[in-house]
Number of protein chains: 2
Amino acid sequence: MLSPETLDTIVNRGVSEIISRDEFVRMLNSGRPLRLKMGFDPSRPDIHLGHVVGLRKLRQLQELGHQVILIVGDWTAQIGDPSGQSATRPMLTHEQVMENAQSYLRQFFKVVDEDRAQVVQQSEWFGKFTLADVIGLTGRFTVAQFLQRADFAQRFAEQRAIAITELLYPLLQAYDSVVIESDVEFGGTDQMFNLLVGRELQGMMGQTPQQCFMMPILVGTDGVQKMSKSLDNYVAVDERPEEMYGKIMSIGDSQIANYYELLTDLPASSLADLQRDLSQDSVNPMEHKKRLAWDITNQFHDPASADAAQAHFERVVQGRNLPDEMPELSLADLKEQADAPDGAIRADRLLVATGLAPSNAEARRLLTQGAVELLTATGGSSRLDDERAFVSPSAGDVLRAGRRRFVRFTG
Amino acid sequence: MLSPETLDTIVNRGVSEIISRDEFVRMLNSGRPLRLKMGFDPSRPDIHLGHVVGLRKLRQLQELGHQVILIVGDWTAQIGDPSGQSATRPMLTHEQVMENAQSYLRQFFKVVDEDRAQVVQQSEWFGKFTLADVIGLTGRFTVAQFLQRADFAQRFAEQRAIAITELLYPLLQAYDSVVIESDVEFGGTDQMFNLLVGRELQGMMGQTPQQCFMMPILVGTDGVQKMSKSLDNYVAVDERPEEMYGKIMSIGDSQIANYYELLTDLPASSLADLQRDLSQDSVNPMEHKKRLAWDITNQFHDPASADAAQAHFERVVQGRNLPDEMPELSLADLKEQADAPDGAIRADRLLVATGLAPSNAEARRLLTQGAVELLTATGGSSRLDDERAFVSPSAGDVLRAGRRRFVRFTG
């Protein structure tokens, strides 16, 4: 039997939903080493903190004696997971898949214990899969069941293409569970349907159905959307220490407690103290955020690198002697005035939009004088002196015009 | 170049639709021997006159030098063709498939010239089909395209199950066309969707798209529904001469010209004469029907057998000295009073329903006296003497009660 504290951490911290929680707890208490399945799509080889939430859960369970089975989805990646996607995706070649897998594993084992993990490739079983096997699998589920899945339903209703191949994706993922005899499969909340198909297929094929363990979605550094590479609001596990520290320092104050909960081992009692602390206006959240940034940087590097990153931040960013308070402008508001589809805006118009210059003429004067600078949240800076240059500020960046005029961009 | 008469027979007689007719005519006139594809589902090993319409078309084209490729659908039969079906069908074992194929071929070559035909099995290519092949195929079509097919659309709308496997059926059939490099594929009108998928896939894979040749549906001996084994309104090519002759004699007068057109070589000019003849009330259609029955019986047996079958019919059926005119009752009306789901009715209630007995008591009296007989259209007869026996009359059967009371059942 696990202690109540350990059990609480396992089933409540960094958990969105477990189907079924009761069965999972019984499995945990049985003393039997569990087979923890996680699949990964090698078309997406980069691991960021959003993924780390789940990897940390695997690590916690490894420390209790359980075994991780990582499935390299070299077959499903050729189809492209339609989960949560709004369009059919292009297929990858086998070479691309294998190259990406190598890169992924190097990052994966920064969190997960390699000694208690087994890596298998779908090609071990799908390489010899026959048409008869496909027929045996596809005969067990109906088109309607699959079209009920939220993303399929929406695409179907909007008459956007769903390739017949895409119906195979959940089936192949489910079959993986049968092959490796998975006890628990892990995924984001957008994986619920696929995880449940695995659970159902195992039952149909005489196995104990797996538990479906869904992790919450981590909000990115913009404080609004799911962390993802394509939204450029992510912190990669491969980030250099200064970049990693600086990016974490750019998250909004409202995300601090959440990041502590999902990405650190801060004990539950300290977490409660932190949340109470942050809810009081009198407290400056900067110190809490710096400890968070140090903690995470330390996890992926080492204490010395984390110290150095912190020193760099204090010298370059905090040393800029920016005022504690300054006008802010949300990137969403700025986007409405963008000059390009990607949200970029011309330097002269940026000055007017932020209120740092009263007119285009004044903006051009400031720019040609070399009086305008963009200070990034991670410590970098660049002078803006071309009025026609396109600029794309990120959350946490500060725009300076002359000595005393500043605007900070927020997510 | 074909003569206008020959071309007219090929593209107009026994044809429902050709996509595209112009391309097909150009192919015919090119002088190149064409590869004529017909697939057959070995879960349905019995050939009846409804299938013969298409087989005769193959035979006509063979006589012009073209080549028939018959595909034994040993893989698609394991799925079960959903075309025109309203429910998922059970799968066949490989043994059942091969047994049925042997029986089918024996019947098939009663019409088709074996010397200009090649028989291939899907297992020659699908036996080594891999998951990659399946992905390559399913990636080319969308779920929506397939759900537009009438039978799928209806089942989907009515929330009846469509197994994902069933979406594979048209794809596999289409792939057959690619493998054998089909020039023309033949099928019933309910096969249009599948034939067109083959045409499309060939084009996608760099081949000249096949022409889709659809044959009309033959009405069964009940004069109402498509000829089919399950509706018991069929004439099998394996039928003994007397049975075959008698069953053809049981068709309605309105079907005579149609049967001549689709199932005999009666020249177009004679066919026109026949149709004019039959449209005049003064003409007795019996002689035309007897020549038709003789012609078809001769096709599947020989002149002597056809003569003998005709003599049997004249002696046993016509020799019963039934009145030329007698009351008639449609099987549809009778079915409304049926006592069993299959349309059977109790002997005593049948007598009342047909008006041959005024009451159940009188019906029972007639039955126990041995005064009731069912005379089948094919020359058979059976005495009804058990009031509780269930009876299922067919079209053309006559029920006799006593010496002079008759009712004929019509389709």
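For the structure, check the block above.
These numbers were taken from a predicted model, which means no experiment stands behind them.

Caption draft 1: Focus on the sheet that holds strand β6 (residues 211-215) of chain A. Residue and element names in this part refer to chain A. Taken in spatial order, the six strands line up as β1-β6-β5-β2-β3-β4 in an open sheet, and their pairing is mixed. Every other strand in the sheet has two partners, leaving β1 (17-19) and β4 (117-121) as the edge strands with one partner each. For this sheet the average axis-to-axis angle between neighbouring strands, irrespective of direction, equals 25 degrees. Strand direction decides the pairing type here: strand β3 (residues 67-72) and β4, joined by five bridges, are parallel. What sits directly across from isoleucine 71, in β4, is valine 120.

Caption draft 2: Quick look at the pairing of strand β9 (residues 372-375) of chain A. All names here are of chain A. The alternating pattern of β9 places Val372 and Leu374 and Glu373 and Leu375 on opposite faces, both of which are buried. By the bridge criterion, four bridges tie β9 to strand β12 (residues 398-401) in an arrangement that is antiparallel. Its bridge partner lying in β12, leucine 375 is registered against valine 398. Here four bridges tie β9 to strand β10 (residues 381-384), and the two strands are oriented antiparallel to one another. Residue glutamate 373 lies in a different strand from β10, and its bridge partner there is arginine 383. Hairpin connection from β9 to β10: five residues lie between these consecutive antiparallel strands, with glycine 379 at a positive phi of about 105 degrees.

Caption draft 3: Expanded view of the interface of chain B and chain A. Contacts between the two partners involve 28 residues from chain B and, on the opposite side, 28 residues from chain A. Approximately 2400 Å² of surface area, both sides summed, lies buried where chain B meets chain A, with 84% of it carried by carbon and sulfur atoms. The largest per-residue losses of area from chain B upon contact with chain A belong to Leu131, Ile135 and Ile164 of chain B, which jointly make up 29% of the total buried on that side. Applying the counting criterion to the chain B and chain A interface returns zero salt bridges. The tally of links between chain B and chain A comes to twelve residue pairs in polar contact (both at pLDDT 80 or more). Counting only elements with at least two residues in the side of chain B that touches chain A, the list comes to α7 (131-138), α8 (143-147) and α10 (164-180) of chain B. A per-element tally of the side of chain B that touches chain A places α10 of chain B first, with six residues.

Caption draft 4: Focus on the side chain of threonine 165 of chain B. Take threonine 165 of chain B: it is sitting in helix α10. A polar contact is formed between the side chain of threonine 165 of chain B and the side chain of threonine 138 of chain A, at a distance of 2.9 Å. At a separation of 2.6 Å, a polar atom in the side chain of threonine 165 of chain B contacts the main-chain amide nitrogen of glycine 139 of chain A.

Parameters at a glance
Residues numbered from 1 in each chain as written. Chains lettered and ligands numbered in written order. Predicted model: local features only at pLDDT ≥ 70, side-chain atom pairs only at ≥ 80, totals over all residues. Heavy atoms only, no water. Pairing = 2+ DSSP bridges. Helix = DSSP H or I, 4+ residues; strand = E, 2+ residues; numbered from the N terminus. Axes fitted to C-alpha atoms, helices over the stretch in contact; angles between N-to-C directions. Buried < 20%, exposed > 50% of the residue type's maximum accessible area, 1.4 Å probe, protein only. Contact = heavy atoms within 4.5 Å. Buried area = accessible area lost by both parts, 1.4 Å probe. Salt bridge = Lys/Arg side-chain N within 4 Å of Asp/Glu carboxyl O. Polar contact = N/O pair within 3.5 Å; in protein donor to acceptor, adjacent residues only side chain to side chain.

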